[in-house]
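# Structural overview for review
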Amino acid sequence: MHLAFPKFSQNVVVALLFGVVLGLLALPFWRFVLVNFNQTEYGRLTYLCDSAMRTHYIAKARTAASPSEKQVEALERAELALIDCQDYDILQKKLMLWGLRENELGLMRLRSIEADAEGLKDVVDAHEIRD
């Protein structure tokens, strides 16, 4: 049995199908543009946050090992530097709201780490198989 759709309905169906196909094709392109447009800033904030966390960890360990007023001051300065991690987190959340998934963010993090010569050691450490 042949279904006869009015001309208007056929145009609507074609327009809907065209919109769906366009949307499916545009999404990967949109993500590609987001990644490439934000890679430099994301990399900068990744480096700053990583550095702040490392400095904080060291300051905390030194303060625990030999508490002194000087060590406490160094720990407080290190805690203030952690604001870079908030900036990193805010950008990451914005990128997710704009449509990036964890896979794209992970790729951006890897590119950021690899851009830093010393960061390559971190990549090896993160992926090394241990006994």
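Residues numbered from 1 in each chain as written. Predicted model: local features only at pLDDT ≥ 70, side-chain atom pairs only at ≥ 80, totals over all residues. Heavy atoms only, no water.

### Quick notes on the state of the cysteines
Applying the stated rule across the entire model yields 1 disulfide. Paired through a disulfide, Cys-49 and Cys-85 show a sulfur-sulfur distance of 2.1 Å. Taking the sign of the S-S torsion, about 100 degrees here, the bridge from Cys-49 to Cys-85 comes out right-handed. Linking Cys-49 in helix α1 (residues 7–65) with Cys-85 in helix α3 (residues 83–97), this pair joins segments that are 36 residues apart in sequence. For Cys-49, a relative accessible area of 6% translates into the label buried. (Disulfide = S-S within 2.5 Å. Helix = DSSP H or I, 4+ residues; strand = E, 2+ residues; numbered from the N terminus. Buried < 20%, exposed > 50% of the residue type's maximum accessible area, 1.4 Å probe, protein only.)

### Some words on a nonpolar patch on the surface
The grouping of Leu-27, Trp-30, Leu-97 and Trp-98 at the surface amounts to a nonpolar patch, some 470 Å² of accessible area in total. Take Trp-98: it is sitting in the loop between α3 and α4 (102–115). (Patch = residues over 30% accessible without salt bridge, like charges linked within 9 Å, V, L, I, M, F, W, Y side chains within 5 Å. Areas by Shrake-Rupley, 256 points an atom, 1.4 Å probe, with all protein chains shown as cover. Salt bridge = Lys/Arg side-chain N within 4 Å of Asp/Glu carboxyl O.)

### With respect to α4
Helix length check: α4, at 14 residues, gives a terminal C-alpha distance of 20 Å against a target of 20 Å (1.5 Å per residue), a fit within 8%. Residues of α4 that are buried: Glu-104, Leu-105, Gly-106, Met-108 and Ser-112. (Expected span 1.5 Å × (residues − 1).)

### Re the side chain of Arg-31
Assignment of secondary structure puts Arg-31 in helix α1. Of the side chains with opposite charge, Glu-104 comes closest to the buried, unpaired Arg-31, at an N-O distance of 4.1 Å. Those residues in contact with Arg-31, other than ones at most four positions away along the chain, are Gly-99, Leu-100, Arg-101 and Glu-104. (Lys, Arg positive; Asp, Glu negative; His and termini not counted. Contact = heavy atoms within 4.5 Å.)

### Points about the nonpolar core
Side chains of nonpolar character tend, in soluble globular proteins, to be buried together. Among the nonpolar cores identified, the biggest contains 12 residues, and these are Leu-34, Val-35, Tyr-42, Leu-45, Cys-49, Cys-85, Tyr-88, Leu-91, Leu-95, Leu-100, Leu-105 and Met-108. Every element with two or more residues in this core is listed here: α1, α3 and α4. Among the elements that make up this core, the one with the highest residue count is α1 (5 residues). With sequence-adjacent residues up to four places away left out, Cys-85 is seen in contact with Cys-49 and Met-53. (Core = buried A, V, L, I, M, F, W, Y, C linked by side-chain atoms within 4.5 Å.)

### Comments concerning the side chain of Asp-84
Within the secondary structure layout, Asp-84 lies in helix α3. Arg-44 provides the closest opposite charge to the buried, unpaired Asp-84, separated from it by 6.1 Å.

Any functional reading would require information beyond the geometric quantities listed.
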